[in-house]
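Listed here are the chains, written in short residue letters.
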Amino acid sequence: MNVTEKREFIHNYLRRADEGTINEFYEKLRQEEVMKQKLENRALKSENDIIAGNVYTRAEVVQKTK
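What counts and how
Residues numbered from 1 in each chain as written. Predicted model: local features only at pLDDT ≥ 70, side-chain atom pairs only at ≥ 80, totals over all residues. Heavy atoms only, no water. Helix = DSSP H or I, 4+ residues; strand = E, 2+ residues; numbered from the N terminus. Rg over C-alpha atoms; globule rule 2.2 N^0.38 Å. Buried < 20%, exposed > 50% of the residue type's maximum accessible area, 1.4 Å probe, protein only. Areas by Shrake-Rupley, 256 points an atom, 1.4 Å probe, with all protein chains shown as cover. Polar contact = N/O pair within 3.5 Å; in protein donor to acceptor, adjacent residues only side chain to side chain. Patch = residues over 30% accessible without salt bridge, like charges linked within 9 Å, V, L, I, M, F, W, Y side chains within 5 Å. Salt bridge = Lys/Arg side-chain N within 4 Å of Asp/Glu carboxyl O.

## Some thoughts on the overall build of the protein
The number of helices and strands found in the protein is 3 helices and 0 strands. Taken over the C-alpha trace, the protein has a radius of gyration of 21 Å; the compact-globule value for 66 residues is 11 Å, which it surpasses by more than 25%. The principal-axis extents of the C-alpha atoms in the protein amount to approximately 60 × 25 × 25 Å. Every one of the 66 residues in the protein was classed for burial, and the buried ones make up 2%. Put simply, the protein shows about 6,500 Å² of open surface, and 55% of that area lies on carbon and sulfur atoms.

Here is the structure:
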């Protein structure tokens with residue numbers, strides 16, 4: 001099944017789905033979007049820390065994880 005066929009299957013299923021199923025599907029998609037945004041924000045913060053020189057040496061990481 002290619003992407004177009006899968007998309008059409010999902011559309012057809014959603015047209016017949018009850019409110020509970022729609023709500024579950026909505027929450028799943030919303031949570032994925034929230035997680036994606038959190039990860040993007042974390043990556044941007046990390047990049048800014050690297051640019052600013054806020055990094056640990058390997059020896060410091062080893063020491064902190066002991």
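Back to the text.
## Quick word on the environment of arginine 16
Within the element layout of this structure, arginine 16 appears in helix H1 (residues 3-16). Its relative accessible area of 63% is what places arginine 16 among the exposed residues. Engagement of the side chain of arginine 16 in a polar contact is seen with the backbone oxygen of asparagine 12, the distance being 3.4 Å.

## Overview of a nonpolar patch on the surface
Taken together, Met1, Phe9, Ile10, Tyr13, Phe25 and Leu29 make up a surface patch of nonpolar side chains, about 630 Å² in accessible area. Taken together, the elements giving at least two residues each to the nonpolar patch come down to H1 and helix H2 (19-52).

## Thoughts on the pattern of salt bridges
All told, the structure shown has 3 salt bridges when counted by the stated rule. The salt bridge partner of glutamate 27 is arginine 30, with a shortest N-O separation of 2.8 Å. Placement of the pair is glutamate 27 and arginine 30 together in helix H2, with a separation of 3 residues, close to one helical turn.

## Quick word on the environment of isoleucine 22
Mapped onto the elements of the fold, isoleucine 22 is located in helix H2. Along the primary structure isoleucine 22 and tyrosine 56 are separated by 34 residues, whereas in three dimensions their C-alpha atoms are 46 Å apart.

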